[in-house]
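Understanding the architecture of this molecule
The lines below spell out each chain.
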Amino acid sequence: MRIRLVDAFTDRPFAGNPAGVLLLDAFPDDAWLQNVALEMNQAETAFAHPLPGGGEADWALRWFTPATEVRMCGHATLATAHVLHTTGAHQGPVRFATLSGVLTATPAKDGWITLDFPTAPLTPAKAPAELAEALGAEPLTVLDTGPDVGDLLVEVADERTLLALSPDFKTLARCSERGVIATTRPADPAAGHDFVSRCFFPRVGIDEDPVTGSAHTALAPFWAERLGRPDLTGLQASARSGLVRTEVRGDRTLLTGRAVTVVEGELLAPAP
């Protein structure tokens, strides 16, 4: 089996968010999938297999962190669509059957890929008592992002505050179902992006995620309402960094980015 490491939401190697991608004939048992994800030791490893023709989806898709399966992952979906497109395993738009419903990825001739994801429902949330201390900043706004994303969306005062965050991850892991998305406006309005974020997921084994597609299904509607327009670009300001183009279309959010295959090899541990 060919296994690949793909950097997503970037057009160059060693940036964006790396994801493992493994195309299968069918899903083996969950323990084997989890062991492969642990061995890859990336934020997510994606597993996909083709489905019979004539159904509502073309491929089945699952995502695993080194610690657990997750309900939604944007960057590993982008990475999988990139592998399908560049290897010729699938031509044109691809529909993935996932735990979050059917998700579509549409490649363009210039290499950009657009994901069609459900918009996260944002509802005001009471800040956990430990949140400010665990995050290292006082939240201005706290929102719940719904069951598919499972994070708290936290607005902080400014970009300087955001970049200085040094969370207590052990405590932060107790503050939400999956993690915390911290966001603010850019310090420079002419910087080429409309909002800035950082994402922390210690509860699922990822202290800070480099670029998080699923988080942008919450960031996009939050900032679209604030800024009064549906088309925005977000910068996730991790050490690797990456840009996500977003467009809110009611209950769907489009996420557009590029991806680069960095490693391709042979998996020698056979599936049971």
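First, a word on scope: everything that follows refers to the structure included in this document. (Residues numbered from 1 in each chain as written. Predicted model: local features only at pLDDT ≥ 70, side-chain atom pairs only at ≥ 80, totals over all residues. Heavy atoms only, no water.)

**Focus on the nonpolar core**
Nonpolar side chains in soluble globular proteins tend to end up buried together. Defined as follows: Only buried Ala, Val, Leu, Ile, Met, Phe, Trp, Tyr and Cys residues count toward a nonpolar core, and they belong to the same one when joined by side-chain atoms within 4.5 Å. Per-residue accessibility, obtained with a 1.4 Å probe over protein chains only, is compared with the maximum for each type, and a residue is labelled buried under 20%, exposed over 50%, and partly exposed between these values. The contact criterion used is simple: two residues touch if any of their non-hydrogen atoms lie within 4.5 Å.
Among the nonpolar cores identified, the biggest contains 50 residues, and Trp 63 and Phe 96 are the most heavily contacted of them. Other than its neighbours up to four places away in sequence, Phe 96 contacts Ala 57, Trp 59, Leu 61, Thr 77, Thr 80, Ala 81, Leu 84, Gly 101, Val 102, Leu 103 and Ala 105. Counting 18 residues, the second-largest nonpolar core is a separate cluster that includes Leu 131, Val 154, Leu 172 and Leu 235.

**Considering the side chain of Asp 194**
For clarity, the threshold we go by: Where helices and strands are cited, they refer to DSSP runs of H or I of at least four residues and of E of at least two residues respectively, numbered from the N terminus. Whenever two N or O atoms come within 3.5 Å, that pair is a polar contact, provided that in protein one can donate a hydrogen and the other can accept it, and provided that, for residues adjacent in sequence, both atoms are side-chain atoms.
Structurally, Asp 194 can be placed in the loop between strand S12 (179-184) and strand S13 (195-201). A distance of 2.5 Å separates the side chain of Asp 194 from the side chain of Arg 229, its partner in a polar contact. Beyond its immediate sequence surroundings of up to four residues, Asp 194 is in contact with Pro 186, Leu 227, Arg 229, Leu 232 and Thr 233.

**Points about the environment of Thr 212**
Structurally, Thr 212 can be placed in the loop between strand S14 (206-209) and helix H7 (216-227). With relative accessibility at 3%, the residue Thr 212 sits in the buried group. Note: C-alpha distance between Thr 212 and Phe 9 (203 residues apart in sequence) is 8.9 Å. With sequence-adjacent residues up to four places away left out, Thr 212 is seen in contact with Arg 178, Cys 199, Phe 201 and Gln 236.

**Describing the packing of aromatic side chains**
To be explicit about the condition: Pairing of aromatic rings covers Phe, Tyr and Trp, the last counted by its six-membered ring, and requires centre-to-centre distances within 6.5 Å; plane angles under 30 degrees mean stacked, over 60 mean edge-to-face, and any other angle means tilted. The rule for a charge over a ring is simple: NZ of Lys or CZ of Arg within 6 Å of the ring centre, and within 35 degrees of the ring normal.
All told, the structure shown has four aromatic pairs when counted by the stated rule. Every member of this aromatic cluster is reached through a ring pair, and the members are Phe 195, Phe 222 and Trp 223. When the ring centre of Trp 112 is taken as origin, the NZ or CZ atom of Arg 245, which lies over that ring, is 3.7 Å away.

**Some thoughts on the pattern of salt bridges**
Rules: Salt bridges are identified by distance alone: a Lys or Arg side-chain nitrogen within 4 Å of an Asp or Glu carboxyl oxygen.
Per the stated rule, a full pass over the model turns up 14 salt bridges. Arg 2 serves as the salt-bridge partner of Glu 264, at 3.5 Å between the closest nitrogen and oxygen. Taken together, the residues span a long stretch of sequence, with Glu 264 in strand S18 (residues 259-266) and Arg 2 in strand S1 (residues 2-8) at a distance of 262 residues. Glu 264 sits in the partly exposed class, given a relative accessible area of 45%. The salt bridge partner of Asp 148 is Arg 71, with a shortest N-O separation of 3.1 Å. On the criterion of sequence distance, the pair formed by Asp 148 in helix H4 (residues 146-149) and Arg 71 in the loop between strand S5 (69-70) and helix H2 (74-87) is long-range, its members being 77 residues apart. Of the residues examined, Arg 71 reaches a relative accessible area of 36% and is grouped as partly exposed. In the salt-bridge network here, residues are joined through shared partners; they are Arg 2, Arg 4 and Glu 264.

**Some details on H2**
Which entries qualify depends on this criterion: Expected helix span is computed as 1.5 Å times (number of residues minus one).
With 14 residues, H2 extends 20 Å from end C-alpha to end C-alpha; this agrees with the ideal 20 Å at 1.5 Å per step. In terms of residue burial, H2 counts as a mostly covered element, since eleven of its 14 residues are buried. Within H2, burial applies to Gly 74, His 75, Ala 76, Thr 77, Leu 78, Ala 79, Thr 80, Ala 81, His 82, Val 83 and Leu 84. Remark: Gly 88 follows H2 within two positions and exhibits a positive phi of approximately 80°.

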